[in-house]
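These are the residues of each chain, in order.
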Amino acid sequence: IALTTAVLYYVIFIFEYDHYLSPLVSHWHHMAIFQIQSWHGFSLILFSIMIVSVLGKKITLVYRSSQQLSVLQSLSIKQKDGSYLIESNVINAFTCGLLKPVCYLTSALKAGLNKEELSMVQIHENAHIKSYDPIKKLLFQLLSSFYPVYIRKTLLVKFSIVMEQMADRQVVLS
């Protein structure tokens with residue numbers, strides 16, 4: 001073991017001070033001799049391209065979502081409780097908006113529920129608003145986008161289920 005260690009130190013010493021051999025061993029923890037042409041440089045460039053691509057896609061997604069949200073708000077009616085009513089035959093309730101999340105209910109949902117049931121739906125949606133679930137979901141999507149597709153999809157589904165269960169818990173507690 002001592003002989004192996006001595007040989008390794010000797011080889012490293014030669015490589016560190018021999019400028020002809022330094023590109024062979026240059027990498028991130030030897031910043032003074034880092035070579036962009038090394039395999040570490042290639043990995044760094046590849047990872048940088050991947051990060052810029054993912055961030056570009058997410059920024060585009062946020063921009064498009066904000067445009068769609070402004071159209072949705074213009075087509076809906078603001079209620080006294082701060083939620084918005086959408087005239088639609090589809091039964092639905094959801095929360096959207098990153099910095100200022102808002103609850104949306106459809107007229108079909110409101111017509112199909114009694115007062116107590118509607119109150120439970122509103123408590124559920126308000127739980128999403130209070131915990132800023134839309135922005136948490138976006139950040140989780142951003143972080144999970146570095147995983148392979150099958151892992152990412154599983155993570156996103158499980159994260160959505162947990163968020164819904166936490167909102168349901170607020171209904172039970174109230």
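Preceding block: the structure.
Rules of the game
Residues numbered from 1 in each chain as written. Predicted model: local features only at pLDDT ≥ 70, side-chain atom pairs only at ≥ 80, totals over all residues. Heavy atoms only, no water. Core = buried A, V, L, I, M, F, W, Y, C linked by side-chain atoms within 4.5 Å. Buried < 20%, exposed > 50% of the residue type's maximum accessible area, 1.4 Å probe, protein only. Helix = DSSP H or I, 4+ residues; strand = E, 2+ residues; numbered from the N terminus. Contact = heavy atoms within 4.5 Å. Pairing = 2+ DSSP bridges. Axes fitted to C-alpha atoms, helices over the stretch in contact; angles between N-to-C directions. Parallel < 35°, antiparallel > 145°, perpendicular 65-115°, else oblique. Left-handed = near helix turned anticlockwise from the far one by under 90°. Nonpolar A, V, L, I, M, F, W, Y, C, P; charged D, E, K, R; others polar. Patch = residues over 30% accessible without salt bridge, like charges linked within 9 Å, V, L, I, M, F, W, Y side chains within 5 Å. Areas by Shrake-Rupley, 256 points an atom, 1.4 Å probe, with all protein chains shown as cover. Salt bridge = Lys/Arg side-chain N within 4 Å of Asp/Glu carboxyl O.

**Let's talk about the nonpolar core**
Ranked by size, the top nonpolar core spans five residues in total: Tyr84, Ile86, Cys96, Val102 and Tyr104. Taken together, the elements giving at least two residues each to this core come down to strand 2 (84–86) and strand 4 (102–106). With residues up to four places along the chain from it excluded, the contact list for Tyr84 reads Gln73, Ser76, Ile77, Lys78, Gln79, Val102, Cys103, Tyr104 and Leu105.

**A few points about the pairing of strand 3 (residues 93–96)**
The sheet contact formed by strand 3 and strand 4 spans four bridges and is antiparallel. Across the sheet, Phe94 pairs through a bridge with Tyr104, a residue of strand 4. Counting the residues in the hairpin turn of strand 3 and strand 4 gives five residues, including Gly97, whose phi is positive at 115°.

**Concerning the packing of helix 5 (residues 115–130) against helix 7 (residues 149–173)**
Relative to each other, helix 5 and helix 7 sit at 130°, their axes nearing to 8 Å. Classed by the angle they form, the pair helix 5 and helix 7 counts as oblique. Here helix 5 runs over helix 7; the crossing is right-handed. Mapping the contact onto sequence places Met120, Ile123, His124, Ala127 and His128 in helix 5 and Met163, Glu164, Ala167, Asp168, Gln170 and Val171 in helix 7. Broken down by class, the residue content of the contact of helix 5 with helix 7 amounts to six nonpolar, three polar and two charged.

**What to know about the environment of Ala111**
Note that Ala111 resides in helix 4 (residues 107–112). Along the chain, Ala111 and Ile91 lie 20 residues apart, while their C-alpha atoms are 9.2 Å from each other.

**Some details on a nonpolar patch on the surface**
Among the surface-exposed residues, Phe47, Met50 and Phe146 lie close enough to one another that they form a single nonpolar patch of about 270 Å² accessible area. Tracing the backbone through its elements, the reader meets Phe146 in the loop between helix 6 (133–144) and helix 7. The class for Phe146 is partly exposed, based on a relative accessible area of 36%.

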